[in-house]
Amino acid sequence: MSGTIAQRKDDHVRLAVEQQRRPAAGNQFDEVTFVHHALAGLDRDQVSLATSFAGLTWPVPLYINAMTGGSAGTGRINAALAAAAHQTGVPIASGSMSAYFKDPGCAGTFSVLRENNPGGFVMANVNATASVDNARAAVDLLAADALQIHVNTVQETVMPEGDRSFASWVPQIAAIAAAVQVPVIVKEVGFGLSRRSVQQLAGLGVAVADLGGRGGTDFAAIENGRRPLGDYAYLDGWGLSTAACLLDAAGAGLPVLASGGVRHPLDVARALALGAGAVGASGTFLRTLLDGGPDALITQITTWLDQLAALLTLLGAAHPAALTSCDVLIGGRLREFCADRGID
Ligand code: FNR
C-alpha cells in the first residue's frame, strides 16, 4: 500500500472530523424556509420516500456520499459505512479509488463496500484523469451500479501533492461516460457545480450532476491543514453553497443530486424542495461513526429517514419530488445571489 496515499487518506479523515466539530461557514440552507400551511398535512402511510431520477429508482432520497478507502484504517471505516448502508437501505459511494490503481493490494479496502452491502446501490469513484480502463476496473471491483467522477480543482490546487493540470478533464469525462456501462455522476467535493458547469456536463454524456456545494466539509481548509504554513488560507470558504447551486442549476439540463453541508433532515427536505433527486452527506456521518461507533451511525440514518417522512407528511408531500410544489421562501444572501444570477 503506497505510504503517501494511505497517509493522505488517514489525514483527510482526521481533519474532516475535526472540522465537523466547528460550525461550517457559508452554509445557506437556513436561508431556505418552508411557508407553513396548517392544513397541508397528509397521513403518514400516504408518504413514500422512494425517489426516481435519470432512470434510477432509490428506496430513499438519502445516500452516504464518497469518502474513503486506500489504507487499513479507512478500509475499516468503509466496512462500517457499508454495513450501515446495508442495514438502512441507503445508497453508498466509495471514496476515490486512485489508490487501488496505484496499488491493487488495497482492493479490499474498497471492495468491502460491496461485500458488506450485497444488494445495495453502490457507486464507484474516480477522478477526472482516470483512464477508461481504470474507470471500468473501479466499476468492476465494486460491481457498482453507477460511477462517480469527482471534480475538485480547488482541492488539487491547495493539496501540496495535487494536480496542476485541469484542461484534460472535460474530454476525459466524456471518454469515461462513453465507455462505462453504468450511469456516470459527476460530483464536486464541496465547492459546488454552477449552472454553467452542469450545462457543460449535460453535453458530455453524463447522467447526473451531484452539486457538492459549500457549507460542510471544506477541502481547502483540510488541505491547508496538511501544509505547514497553510499558505492558501484565503481559499477557505471558496465556492457556491449547495442551496445556491440548486437554485442556479435548475433547468440546466441534467438531473441533480445535492450534497455538501447537509446537517439534518430539514436540510434534506430543503434540498429536495429545490429540485434534488436525492441528498448526500459525508462529513456528518463520518463524525457520528468515529465518535459513536457503527450502531450510532445506523441510529442516525434511521432517525433521519423517519423524520424526513414526518416532514413530508406535515408538508403534504406524498413523495420526495412533491416537495418541489411546496411554497419556499429564499432569504438573506441567497436571495441576493438569485437576483444577481437572474433566478426568479
Ligand atoms: C470526502 N469527499 C470525497 N469525494 C470524492 O468524490 N472522492 C473522495 O475520495 C472524497 N474523499 C473524502 C474524504 C472525506 C474524509 C470526506 C469527509 C469527504 C467529499 C464528499 O463526497 C463530499 O462531496 C463533501 O464532503 C461535502 O459533503 P459534506 O461532508 O459536507 O456532507
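Nothing here was measured: the structure is a model prediction, and the numbers come from that model.

Moving on: unusual backbone geometry. Across the chain, the bulk of peptide bonds are trans and the bulk of non-glycine residues have phi less than zero. Even without being glycine, Ala54 reaches a positive phi, approximately 50°. Along the chain, the position of Ala54 falls in the loop between strand E2 (51-53) and strand E3 (56-58). Even without a glycine there, the phi angle at Ala143 is positive, about 45°. Its place among the elements puts Ala143 in the loop between helix H5 (132-142) and strand E7 (146-151).

It is worth spelling out the nonpolar core at this point. Of all hydrophobic cores here, the largest spans 104 residues; its most connected members are Ile92, Leu147, Val184, Val206, Ala209, Leu246 and Ala276. At 8 residues, helix H13 (residues 294-315) tops the list of elements feeding residues into this core. Ignoring sequence-local partners within four residues, the contact set of Leu147 consists of Met123, Ala124, Val126, Ala135, Ala138, Val139, Val180, Val182 and Val184.

Let us look at the pairing of strand E8 (residues 184-188). In terms of burial, E8 is a largely internal element, 5 of the 5 residues being buried. Of the two faces of E8, the one holding Val184, Val186 and Glu188 and the one holding Ile185 and Lys187 are both buried throughout. Strand direction decides the pairing type here: E7 and E8, joined by 5 bridges, are parallel. Within the sheet, the bridge partner assigned to Ile149 lies in E8 and is Val186. For E8 and strand E9 (residues 208-210), the ladder comprises 3 bridges, and the chain directions are parallel. Bridge pairing links Ile185 to Val208 in E9. Each parallel crossover has a hand, and for E8 linked through helix H8 (residues 195-202) to E9 it is right-handed.

Right, let's talk about the pairing of E7 for a bit. Regular strands place side chains that alternate from one sheet face to the opposite one. Taking burial as the measure, the 6 residues of E7 include 6 buried ones, the bulk of the element. Following the chain from strand E6 (residues 122-127) across H5 to the adjacent parallel E7, one finds a crossover that is right-handed.

UniProt records the feature "binding site: FMN" (unreviewed entry) at Ala66, Met67, Thr68, Ser96, Asn125, Lys187, Thr217, Gly261, Val262, Arg263, Ser282 and Gly283, using the numbering of this structure. In terms of the greatest pairwise C-alpha distance, the residues named above, spread along 218 residues, do not form a single cluster, extending to 23.1 Å across. Inspection of the secondary structure assignment puts Met67 in the loop between strand E4 (62-64) and helix H2 (72-88). Sequence-distant contacts of Met67, defined by excluding residues within four places in its chain, comprise Gly95, Ser282 and Leu286.

Procedures and definitions
Residues numbered from 1 in each chain as written. Predicted model: local features only at pLDDT ≥ 70, side-chain atom pairs only at ≥ 80, totals over all residues. Helix = DSSP H or I, 4+ residues; strand = E, 2+ residues; numbered from the N terminus. Core = buried A, V, L, I, M, F, W, Y, C linked by C-beta atoms within 7 Å. Buried ≥ 20, exposed ≤ 12 C-beta atoms within 10 Å, placed from the backbone. Contact = placed C-beta atoms within 7 Å. Pairing = 2+ DSSP bridges. Right-handed = clockwise from strand over helix to strand, strands pointing away. UniProt positions renumbered as here; feature names shortened; annotations may be inferred.

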